[in-house]
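# Observations on the model geometry
Here's the letter readout for the chains.
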Amino acid sequence: MYPEVRAAVQADAGPDFRAPGFDLAAHREAVRRASLEEPREPVAEVEDVDADGVPCRVYVPAGARDGVVVHLHGGGFVFNDVDVHDGFSRRLANRSGRRVLSVDYRRPPEDRFPAAPDDVDTALGWLGRQGLPGGVAVHGDSAGANLALVAALRHPGLFAAVALVYPFLEPRAGHPSYDEGAASGFDPAEARWYWEQYADESAWEHPDVAPLRSDRLASLPPTLVATAEHDPLRDEGEVLARRLAEEGVETVGIRCLGQTHGFYRHAQFTASEPLVRQVSAFVDQHLA
C-alpha cells in the first residue's frame, strides 16, 4: 500500500452509519457541502437538466468533440450525488474532451432496486432525443460501475464503450480479496450493508443486481475494467474482465497497485490522475 494511501486509511475516522439512529440525511448533506468546498476545475459550461424527471448535470468542456460520456457515481448505491461528484465530473469532461452527463439516480433505502437502474434508463432515453452528435460511452465507479454495466446489458448496441472502475458486482462477497477487509478502509460488513439497503436478498441473484450472473456479457462493447490492489472488490472486477475476454469482448483490464477502494475520484491521490487519463483515452479511442 502506498504511503499516502496507508496514511489516508489510518486517518479515516468516518462515522459508523450502520449504528442505530444514524442520521443518514445529515451525513449525506455534510459530505455534499464538503465536496463543493473542494477545489474544482473550470469547464466551459455546466447545466442542470431534467431528464424526464431524473435530475442530471451536463458538463461541456471547451472545444468539446462529438460524443457523450454518461457518468454514474459511486457510493454504495446509498451515498453521493452529482454535487459530490462535481469535481470529478469536471475532470472527466476536461480529460476526455467530451460532454459528460452525470445522472442523479434515486438511492436506497428510500428508493430501492430497481429505482436506480430504471432512472438510468430514463436518462438514457432523454439523452437519445437530444440530437447530440457522436456516440455514447457509459462510465461508473464502484456502485456506479454496477449501474453502468447493467445499463450496457439492458441496452445492447447503445454504447460505443464501457468504462468501469472497481465495480461493485457481487452481493455474496465470496471472492478472496474480501480478506483485505477493514485494513483496506472498506470493511466487508459495510459492503453487505450497502447490498441490504439496495435490494432484498431474494433479488441478489438477479443479473440487474449482480451483473456477473448475466448470460449476456458477450453483448458488451469494448470495456475497460480497472481495479485497486488493496480493495475487497478487486477480485470480482477481475473476474468480470476475464469473463469478458473469454466471451470475445474487446477488454482492457488494469490493476492499480498500492491503491484502495475510492482513490479514483480524489485528485490528491497520485494514481488518480493517470487512471482518469487512461479512462479518457479509452473513451476517446472508441468515440473518435
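In this report, the structure presented in the accompanying data block is examined. These figures come from a predicted structure and were not determined experimentally. (Residues numbered from 1 in each chain as written. Predicted model: local features only at pLDDT ≥ 70, side-chain atom pairs only at ≥ 80, totals over all residues. Heavy atoms only, no water.)

## Brief notes about the overall build of the protein
Helices and strands together make up the secondary structure of the protein, namely eight helices and eight strands. Scaling as 2.2 N^0.38, a compact globule of 288 residues should have a C-alpha radius of gyration of about 19 Å, and the protein matches this with 17 Å. Along the first, second and third principal axes, the C-alpha set of the protein runs to 45 × 45 × 35 Å. When burial is assessed residue by residue, the protein has 54% of its 288 residues classed as buried. (Helix = DSSP H or I, 4+ residues; strand = E, 2+ residues; numbered from the N terminus. Rg over C-alpha atoms; globule rule 2.2 N^0.38 Å. Buried < 20%, exposed > 50% of the residue type's maximum accessible area, 1.4 Å probe, protein only.)

## Digging into the pairing of strand β7 (residues 223-230)
Counting buried residues in β7 gives seven out of eight residues, a clear majority hidden from the surface. For strand β6 (residues 161-165) and β7, the ladder comprises four bridges, and the chain directions are parallel. Across the sheet, the residue bridging to Leu-164 is Val-225, located in β7. Pairing analysis gives seven bridges linking β7 to strand β8 (residues 251-260), with the strands arranged parallel. Paired with Leu-224 across the strands is Val-252, a residue of β8. For the crossover that starts at β7, traverses helix α7 (residues 234-246) and ends in the parallel β8, the hand is right-handed. (Pairing = 2+ DSSP bridges. Right-handed = clockwise from strand over helix to strand, strands pointing away.)

## Concerning the pairing of strand β2 (residues 54-60)
It is a general feature of regular strands that their side chains alternate between the two faces of the sheet. Within β2, six of the seven residues are buried, which leaves it mostly tucked inside the rest of the structure. Looking at chain direction, strand β1 (residues 45-51) and β2 are connected through seven bridges and run antiparallel. Following the sheet pairing, Asp-48 is matched in β2 by Arg-57. Alignment of β2 against strand β4 (residues 98-103), held across four bridges, turns out to be antiparallel. Looking at β4, one finds that Arg-57 is bridged to Ser-102.

## Details of the pattern of salt bridges
Evaluation of the coordinates by the stated rule reveals 32 salt bridges. Arg-192 is paired through a salt bridge with Glu-196; the nearest N and O atoms lie 3.0 Å apart. One end of the pair is Arg-192 and the other is Glu-196, both in helix α6 (residues 188-198) and four residues apart, which spans about a single turn. Owing to a relative accessible area of 37%, Arg-192 belongs among the partly exposed residues under this scheme. Taking relative accessible area as the criterion, Glu-196 reaches 35% and is therefore assigned partly exposed. (Salt bridge = Lys/Arg side-chain N within 4 Å of Asp/Glu carboxyl O.)

## A word on the nonpolar core
Of all hydrophobic cores here, the largest spans 58 residues; its most connected members are Val-70, Leu-101, Val-103, Phe-168 and Leu-240. Counting residues per element, this core draws most heavily on helix α5 (residues 143-154), at eight residues. If we ignore the near neighbours within four places in the chain, the residues touching Val-103 are Val-54, Pro-55, Cys-56, Val-70, His-71, Leu-72, His-73, Val-82 and Ala-123. Grouped together as the second largest cluster of nonpolar side chains are 28 residues, Phe-88, Val-165, Cys-256 and Leu-287 included. (Core = buried A, V, L, I, M, F, W, Y, C linked by side-chain atoms within 4.5 Å. Contact = heavy atoms within 4.5 Å.)

## Topic: the packing of helix α4 (residues 115-128) against α5
Working note: a packed helix pair is described by the angle between its axes plus the distance between those axes. The interhelical angle for the contact between α4 and α5, taken along N-to-C directions, is 60°, at an axis separation of 10 Å. With respect to their mutual orientation, α4 and α5 come out oblique. Note on packing geometry: the crossing formed by α4 with α5 is right-handed. Contacts between α4 and α5 involve Ala-116, Pro-117, Asp-118, Val-120, Asp-121 and Leu-124 from the first element and Leu-147, Val-150, Ala-151 and Arg-154 from the second. For the contact of α4 with α5, a count of residues per class yields seven nonpolar, no polar and three charged. (Axes fitted to C-alpha atoms, helices over the stretch in contact; angles between N-to-C directions. Parallel < 35°, antiparallel > 145°, perpendicular 65-115°, else oblique. Left-handed = near helix turned anticlockwise from the far one by under 90°. Nonpolar A, V, L, I, M, F, W, Y, C, P; charged D, E, K, R; others polar.)

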